[in-house]
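# A closer look at the structure
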Amino acid sequence: MNKQATGDGTVGKALDVLDKVAAVGRPVRFSELLSDSVHPKATLYRLLQTLVSQGMLAYDEHQQTYSLGIRLVRLAHAAWRQSSIAPIARPFVRALSEVVGETVHLAQLDGGQVLYVDKRNAVNPIDMYSQAGKIGPGYCTGVGKALMAFQEPAELDEIIKKQSFYRYTPGTLTTEAELRADLDQIRKDGVAFDREEHEPGIICIAAPILSSKGRPIGALSVTTSTTRKTMEELQEARPALLETASKIAAAVEDWQFPS
């Protein structure tokens with residue numbers, strides 16, 4: 001075996017482990033990773049140690065868990081600044097937030113997970129997980145489901161395989177059947193909802209940003225808390241949300257996205 005092949009193999013294994021940690025969507029123990037790993041115990045441990053030493057993963061000695069590292073966050077920030085739709089969409093995101101008076105998120109799909117590429121806080125912001133550069137789960141976020149619903153069937157099958165279906169709240173969808181039923185409804189309605197599925201008290205309405213060929217190139221959401229609005233009141237933002245998604249799609253129409 002030549003050196004190049006060996007190097008590619010090692011890098012590939014490390015990236016596979018990194019993807020597994022990211023897919024869980026929360027700090028994860030070694031035993032959990034091992035139960036779903038194709039690598040022997042010793043190999044998995046060595047790969048994790050390397051990723052930790054390089055800052056790609058962080059290890060909590062008290063909880064004995066692994067999570068995404070700060071170096072990976074920095075790389076993610078650099079990536080979305082250079083290749084995401086965020087620069088073109090930013091004025092539209094800002095304008096939508098001013099119109100609806102709530103927090104607006106812009107996100108793209110990355111390996112089955114959601115990468116938040118921009119965020120505009122409400123005048124009176126509320127605490128929530130999402131921040132630009134952060135990675136979140138696809139199956140229990142409004143933007144994630146909006147992006148998933150309009151994928152080609154084969155692509156959607158692969159994306160669903162990467163979902164952890166971890167129960168974050170009592171409202172989290174935890175089975176493929178539940179998720180697919182929700183995605184069917186989203187395709188009919190044109191919008192997706194997060195009904196406190198990822199964080200207690202946090203709700204949103206989201207819409208896909210579709211290319212002229214119907215391909216999802218991003219998603220936009222209006223997010224608030226149950227202390228500020230009901231789901232019914234949140235739906236009042238739908239016309240402005242859909243209009244903004246269309247404006248962003250038109251603005252990036254000339255961009256070349258990977259197939």
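Residues numbered from 1 in each chain as written. Predicted model: local features only at pLDDT ≥ 70, side-chain atom pairs only at ≥ 80, totals over all residues. Heavy atoms only, no water.

Moving on: the overall build of the chain. Counting its regular elements, the chain contains 10 helices and 9 strands. The buried share among the 259 residues of the chain stands at 45%. Pairs at least 24 residues apart make up 58% of the contacts formed inside the chain by residues separated by at least 6 positions. Of the roughly 13,500 Å² of accessible surface on the chain, 52% is carried by carbon and sulfur atoms. (Helix = DSSP H or I, 4+ residues; strand = E, 2+ residues; numbered from the N terminus. Buried < 20%, exposed > 50% of the residue type's maximum accessible area, 1.4 Å probe, protein only. Contact = heavy atoms within 4.5 Å. Areas by Shrake-Rupley, 256 points an atom, 1.4 Å probe, with all protein chains shown as cover.)

Here the focus is the confidence of the model for the chain. Summarising the model, the chain shows a mean pLDDT of 88, and 87% of its residues fall at 70 or more. Note that pLDDT drops below 50 for residues 1-7; the model gives that stretch 1 contact with residues more than four away or on any other chain. (pLDDT = per-residue confidence, 0-100.)

Ranked by internal contacts, the top residues of the largest apolar core, which has 28 residues, are Leu96, Leu106, Ile209, Leu220 and Val222. Leucine 96 has contacts with Val104, Leu220, Val222, Ala240, Leu241 and Thr244, leaving out every residue within four places of it along the chain. Of all hydrophobic cores here, the second largest spans 22 residues; its members include Cys140, Met148, Leu156 and Ile186. (Core = buried A, V, L, I, M, F, W, Y, C linked by side-chain atoms within 4.5 Å.)

This part is about the sheet that holds strand β5 (residues 113-120). The strand order across the open sheet formed by 6 strands is β6-β5-β4-β9-β8-β7, and the pairing between neighbours is antiparallel. Edge positions in the sheet fall to β6 (135-136) and β7 (192-195), since each of these pairs with one other strand and no more. Looking at chain direction, strand β4 (residues 103-110) and strand β9 (residues 216-225) are connected through 5 bridges and run antiparallel. Looking at the pairing, valine 104 lines up with valine 222 of β9. (Pairing = 2+ DSSP bridges.)

Tracing the backbone through its elements, the reader meets glutamate 253 in the segment after α10 (238-251). The spacing of glutamate 253 and serine 212 is 41 residues in sequence and 7.4 Å in space, taken between C-alpha atoms. Residues within four places of glutamate 253 in sequence aside, it is in contact with Ser211 and Ser212.

Let's shift gears to the packing of helix α7 (residues 153-161) against helix α8 (residues 176-189). As a packed pair, α7 and α8 sit with axes 12 Å apart at the nearest point and diverge in direction by 140°. On the basis of the axis angle, α7 is oblique to α8. Considering the relative orientation of α7 and α8, their crossing is right-handed. In this structure, α7 contributes Leu156, Asp157 and Ile160 to the contact, and α8 contributes Glu176, Leu179, Arg180, Leu183 and Arg187. Broken down by class, the residue content of the contact of α7 with α8 amounts to 4 nonpolar, no polar and 4 charged. (Axes fitted to C-alpha atoms, helices over the stretch in contact; angles between N-to-C directions. Parallel < 35°, antiparallel > 145°, perpendicular 65-115°, else oblique. Left-handed = near helix turned anticlockwise from the far one by under 90°. Nonpolar A, V, L, I, M, F, W, Y, C, P; charged D, E, K, R; others polar.)

Okay, the side chain of threonine 223 next. The topology assignment puts threonine 223 in strand β9. Within the structure, the side chain of threonine 223 is placed 3.1 Å from the side chain of histidine 105, a separation counted as a polar contact. Polar side-chain contacts of threonine 223 include one of 3.4 Å to the side chain of serine 221. (Polar contact = N/O pair within 3.5 Å; in protein donor to acceptor, adjacent residues only side chain to side chain.)

Examined against the element boundaries, histidine 39 turns out to sit in the loop between α2 (30-35) and α3 (41-53). Among the polar contacts listed, one links the side chain of histidine 39 to the side chain of aspartate 16, at a separation of 3.4 Å.

This part covers α10. Over its 14 residues, α10 runs 20 Å from end to end, which matches the ideal 20 Å to within 8%, given 1.5 Å per residue. For α10, the elements touching its buried residues are α5 (86-100), β8 (202-210) and β9. (Expected span 1.5 Å × (residues − 1).)

Here the structure, examined in full by the defined rule, presents 12 salt bridges. Residues lysine 145 and aspartate 182 are paired through a salt bridge, measuring 2.7 Å at the closest nitrogen-oxygen approach. With lysine 145 in helix α6 (residues 142-149) and aspartate 182 in helix α8, this residue pair connects regions lying 37 residues apart in the sequence. Given the relative accessible area of 0%, lysine 145 is considered buried. Among the residues examined, aspartate 182 registers a relative accessible area of 17% and is labelled buried. With a shortest N-O distance of 2.8 Å, glutamate 176 and arginine 180 are connected by a salt bridge. Taken as a pair, glutamate 176 and arginine 180 lie in helix α8 at a separation of 4 residues, close to a single helical turn. Here arginine 180 falls in the partly exposed class, since its relative accessible area comes to 27%. (Salt bridge = Lys/Arg side-chain N within 4 Å of Asp/Glu carboxyl O.)

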